[in-house]
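Inside the fold
Chain residues, written in single-letter form:
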Amino acid sequence: MPAPYAVLLFLHIVAAAFWVGGMALMHFAVRPAAVATLEPPQRLPFLAATLERFFAGVSSAIVLLLATGFGMVWLAGGFANVRWNVHAMLAIGLVMMAIYLHIRFAPFPRLRNAVAARAWPVAAANLDTIRKLVGLNLMLGVIVFALAVLGRAI
């Protein structure tokens, strides 16, 4: 494996691990712990602030994923020269990015506005929408990881 490709692959994996791992942490640890220990007036602002920080990292990870992914495809000689699993990973990744953009620019601003207005039921409903979409994106992310590893053997 040439060094430039190895560097791109490393950065690609780090970005993917940050995004998918962060979703898993939020979905299976942070949110359930917040629900178990905090009342809505504390929980909802905490989770909105946590998501704000996480989304900044996800936005950077997406840029890095696109740049490194297309860079690796370019080094391979283009899409005609990569395996089927690379095409599948790109397609699913684009769906994941669309879901993220929807979260970031629809329910998340509504969550922040509801938290600022102390409208806890509205904030909770938007957080629940985010939770469901993150669960879907997490599942898609695991599929992408499976394609990356198992797709080489098929």
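Below is a summary of the structure that appears in this document.

**Topic: the packing of aromatic side chains**
Under the definition given, this model contains 6 aromatic pairs. Centre to centre, the rings of phenylalanine 54 and phenylalanine 55 are 6.3 Å apart; their planes meet at 40°, and the pair counts as tilted. By relative accessible area, phenylalanine 55 is classed as buried at 3%. Note on phenylalanine 70 and phenylalanine 79: the rings are 6.1 Å apart at their centroids and 80° apart in plane angle, and the pair reads as edge-to-face. The partly exposed category is assigned to phenylalanine 70, whose relative accessible area is 39%. Each residue in the set Phe18, Trp19, Phe54, Phe55, Tyr100 and Phe108 is aromatic and connected to the rest through ring pairs, giving one cluster. Above the plane of the ring of phenylalanine 105 lies arginine 104, whose end atom (NZ or CZ) is 5.9 Å from the centre.

**Concerning the nonpolar core**
Counting residues in hydrophobic clusters, the biggest one holds 37 residues, and the most contacted among them are Trp19, Met23, Leu51, Met96 and Leu111. Elements represented by at least two residues in this core include exactly helix H1 (3-37), helix H2 (40-75), helix H3 (84-105), helix H4 (107-116) and helix H5 (120-150).

**Considering the pattern of salt bridges**
Once the charged atoms of two side chains with opposite charge are near each other, the side chains can pair. A full pass over the atoms with the stated rule returns 4 salt bridges. Across the pair aspartate 128 and arginine 131 runs a salt bridge, and its minimum N-O distance is 2.8 Å. With aspartate 128 and arginine 131 both in helix H5 and 3 residues apart, the pair spans about one turn of that helix. Bridged by salt links that share partners, the residues Glu52, Arg104 and Arg112 form one connected network.

**Observations concerning the environment of leucine 44**
Along the chain, leucine 44 falls in helix H2. Looking at leucine 44, the relative accessible area reads 2%, which means it is buried. In this structure, the C-alpha to C-alpha distance between leucine 44 and alanine 119, residues 75 residues apart in sequence, is 10.0 Å. Excluding anything up to four places from it in sequence, leucine 44 contacts Val115, Trp120, Ala123, Ala124 and Leu127.

**Some words on unusual backbone geometry**
Even without being a glycine, arginine 118 presents a positive backbone phi close to 60°. Among the secondary structure elements, arginine 118 is positioned in the loop between H4 and H5.

**Considerations on the packing of H2 against H3**
Between H2 and H3, the shortest axis-to-axis distance is 12 Å and the interhelical angle comes to 155°. Overall, the two elements H2 and H3 adopt an arrangement that is roughly antiparallel. Note on packing geometry: the crossing formed by H2 with H3 is left-handed. Here H2 contributes Glu52, Phe55, Val58, Ser59, Ile62, Leu66, Phe70 and Val73 to the contact with H3, which in turn contributes Val86, Leu90, Leu94, Met97, Tyr100, Ile103 and Arg104. In terms of residue class, the contact of H2 with H3 is made up of 12 nonpolar, 1 polar and 2 charged.

**Remarks on the side chain of arginine 43**
Among the structural elements, arginine 43 can be located in helix H2. Of the side chains bearing the opposite charge, glutamate 39 lies closest to the buried arginine 43, which forms no salt bridge; the N-O distance is 5.9 Å. One polar contact links the side chain of arginine 43 to the main-chain carbonyl oxygen of leucine 38, over a distance of 2.7 Å. What arginine 43 contacts, discounting residues up to four positions off in sequence, is Ala34, Val35 and Leu38.

Conventions adopted
- Residues numbered from 1 in each chain as written.
- Predicted model: local features only at pLDDT ≥ 70, side-chain atom pairs only at ≥ 80, totals over all residues.
- Heavy atoms only, no water.
- Phe/Tyr/Trp six-rings, centres within 6.5 Å; stacked < 30°, edge-to-face > 60°.
- Buried < 20%, exposed > 50% of the residue type's maximum accessible area, 1.4 Å probe, protein only.
- Lys NZ or Arg CZ within 6 Å of the ring centre and 35° of its normal.
- Core = buried A, V, L, I, M, F, W, Y, C linked by side-chain atoms within 4.5 Å.
- Helix = DSSP H or I, 4+ residues; strand = E, 2+ residues; numbered from the N terminus.
- Salt bridge = Lys/Arg side-chain N within 4 Å of Asp/Glu carboxyl O.
- Contact = heavy atoms within 4.5 Å.
- Axes fitted to C-alpha atoms, helices over the stretch in contact; angles between N-to-C directions.
- Parallel < 35°, antiparallel > 145°, perpendicular 65-115°, else oblique.
- Left-handed = near helix turned anticlockwise from the far one by under 90°.
- Nonpolar A, V, L, I, M, F, W, Y, C, P; charged D, E, K, R; others polar.
- Lys, Arg positive; Asp, Glu negative; His and termini not counted.
- Polar contact = N/O pair within 3.5 Å; in protein donor to acceptor, adjacent residues only side chain to side chain.

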